[in-house]
Amino acid sequence: MILIRITVILAIIGLMLLLLGKKYNKKITKNIGIGILTIIIIFWIGFFAWALAETSEEYKRQFPDDNTNVESIETNAISNTTIRYAKASSFSEGRISSIENDTIYIYDNDNQNYYINNDDDTNYIDGRTGETCSFSDIKEGYYISDYPDNNSEYTYLIFKDITGEELKKELLVSLSLSDDVNIMRTSVTEIKDVHQLGNNEAIVTFEISDLVTSENFPDVNDSEHTFDVKLKVTNNTKYNTNFHGISAYNAETIENAKHDAMLYLRLNPDTLDDEYPEISEFDSYSN
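Everything numeric here is computed off the predicted structure, so don't read it as measured data.

### With respect to the sheet that holds strand β12 (residues 262-267)
Part 1 of the reasoning: Read from one edge to the other, the open sheet built from 5 strands follows the order β9-β10-β11-β13-β12, with strand pairing classed as mixed. The outermost strands of the open sheet, each flanked by one partner alone, are β9 (187-198) and β12. Sheet twist, expressed as the mean angle between neighbouring strand axes with direction ignored, is 40°.
Part 2 of the reasoning: Two strands pair when backbone bridges link them, and strand β10 (residues 201-209) and strand β11 (residues 226-239) are joined in this way by 8 bridges, in the antiparallel orientation. Looking at β11, one finds that Ala202 is bridged to Val233.
Part 3 of the reasoning: Relative to β11, helix α4 (residues 164-175) is tilted by about 30°, and along the sheet it contacts β9, β10, β11 and β12.

In C-alpha cells:
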C-alpha cells in the first residue's frame, strides 16, 4: 500500500513537471518529469517480473514434481504400498519407520505412509524441549508431526522414542519453557494430592502426560507416557484466577483446583534438578 502511494505521488510530480516543461518550454523541467515517469515504469516492470518468478518458485515448492522420488520409494522401501509426499499431502503426525539416505519414511494411525526429503528448506524442532534438531539427530522409531503454527510449512516437530525417567525429565523441561518457544507444552491432567508445608508452601502431586498419545500417534502405550510428579508451590508462585471466580490463589487454596477442567503451570527452570521442582506460575480454569 505504501509503495503504491509513493508511486502515485511520484507519477503526479513527474507528469506535472512534464506538462510545465512543455508549457513554458523548459527543457530541463520536461526531462526531469520524463525521467521520473521512466523510472516508475522500469521499476514496476521489474517488480512484476520478480513477482511472477517468486510465484513460480512457490508453486514448485507447493507442488513439486516427485515422480522420480515415488518410483524410487516403491522400489527401495515398501513395495505395493502408496507413499505420499508429506510436504504436498495432508500429513499431520506419525512414527518414523526408516531413514534412508536423505529420506524419512513415516506411517500414521491410519496406516498411511509418507516420506519427507531432507533438503535445505526442511527444519526440525524437538517437540518437548523446543531445541533445534539436526537431521543426524533423528532416529528410526521417533515420532514426528507437522508444525502448522510456524511460518515455514517445512518445519517438523520431533519426539524421541524414550520412556521412564528420561521421558519424565523432558516433560518437565517442556513445562519450564518460556513464552518465546512456540510449541505446545506437556499436558497437566489433574491434581492428585496436596501436602501443606505452611508458610504459603505446599508439595502438589500432579499427573502429567506427553503430547505423544495413542490418539494421534501409532504404537503408543499411553501409560508409559503418563507420570505423577511432585512439584512445589512457594511464596514466589504467581496465581491466576478463572473466569467464574477465584479457584486457587495461594498454597492453602490450591485444593480448590483439584476438580478444575484445565490446569496450567510453569516451572522454574533453575529448579528442575531439585527433589521438588518449583512452580513459578499456576493457572486453573473450571468449566
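### As for α4
Part 1 of the reasoning: The terminal C-alpha atoms of α4 lie 17 Å apart, and with 12 residues this matches the ideal 16 Å at 1.5 Å per residue to within 8%.
Part 2 of the reasoning: Within the span of α4, buried status applies to Leu167, Lys168, Glu170, Leu171, Leu172, Ser174 and Leu175.
Part 3 of the reasoning: Contacts from the buried residues of α4 go to β5 (123-126), β9, β10, β11 and β12.

### Focus: the pairing of strand β3 (residues 103-107)
Part 1 of the reasoning: Most of β3 sits out of view: 4 of its 5 residues are buried.
Part 2 of the reasoning: Looking at chain direction, strand β2 (residues 93-100) and β3 are connected through 5 bridges and run antiparallel. Among the inter-strand pairings, Ile96 is bridged to a residue of β3, identified as Ile106.
Part 3 of the reasoning: Between the antiparallel neighbours β2 and β3 lie 2 residues, among them Asn101 with a positive phi of about 55°.

### Focus: the packing of aromatic side chains
Part 1 of the reasoning: Under the definition given, this model contains 8 aromatic pairs.
Part 2 of the reasoning: With 5.1 Å between their ring centres and 40° between their planes, Tyr85 and Tyr115 make a pair best called tilted. Of this pair, Tyr85 sits in strand β1 (residues 83-85) while Tyr115 sits in strand β4 (residues 113-117); the two residues are 30 residues apart in sequence, bridging distant segments of the chain. Accessibility classification places Tyr85 together with Tyr115 in one group, the buried group.
Part 3 of the reasoning: Between the aromatic rings of Tyr239 and Phe282, the centroid separation amounts to 6.1 Å while the plane-to-plane angle is 65°, which identifies the pairing as edge-to-face. One end of the pair, Tyr239, is in strand β11; the other, Phe282, is in strand β13 (residues 278-285), and 43 residues separate them in sequence. The exposure classification of Tyr239 matches that of Phe282, with both residues buried.
Part 4 of the reasoning: Ring pairing ties together the aromatic residues Phe91, Tyr114 and Tyr156, which thus form one cluster.

About the thresholds
Residues numbered from 1 in each chain as written. Predicted model: local features only at pLDDT ≥ 70, side-chain atom pairs only at ≥ 80, totals over all residues. Heavy atoms only, no water. Pairing = 2+ DSSP bridges. Helix = DSSP H or I, 4+ residues; strand = E, 2+ residues; numbered from the N terminus. Axes fitted to C-alpha atoms, helices over the stretch in contact; angles between N-to-C directions. Contact = heavy atoms within 4.5 Å. Expected span 1.5 Å × (residues − 1). Buried < 20%, exposed > 50% of the residue type's maximum accessible area, 1.4 Å probe, protein only. Phe/Tyr/Trp six-rings, centres within 6.5 Å; stacked < 30°, edge-to-face > 60°.

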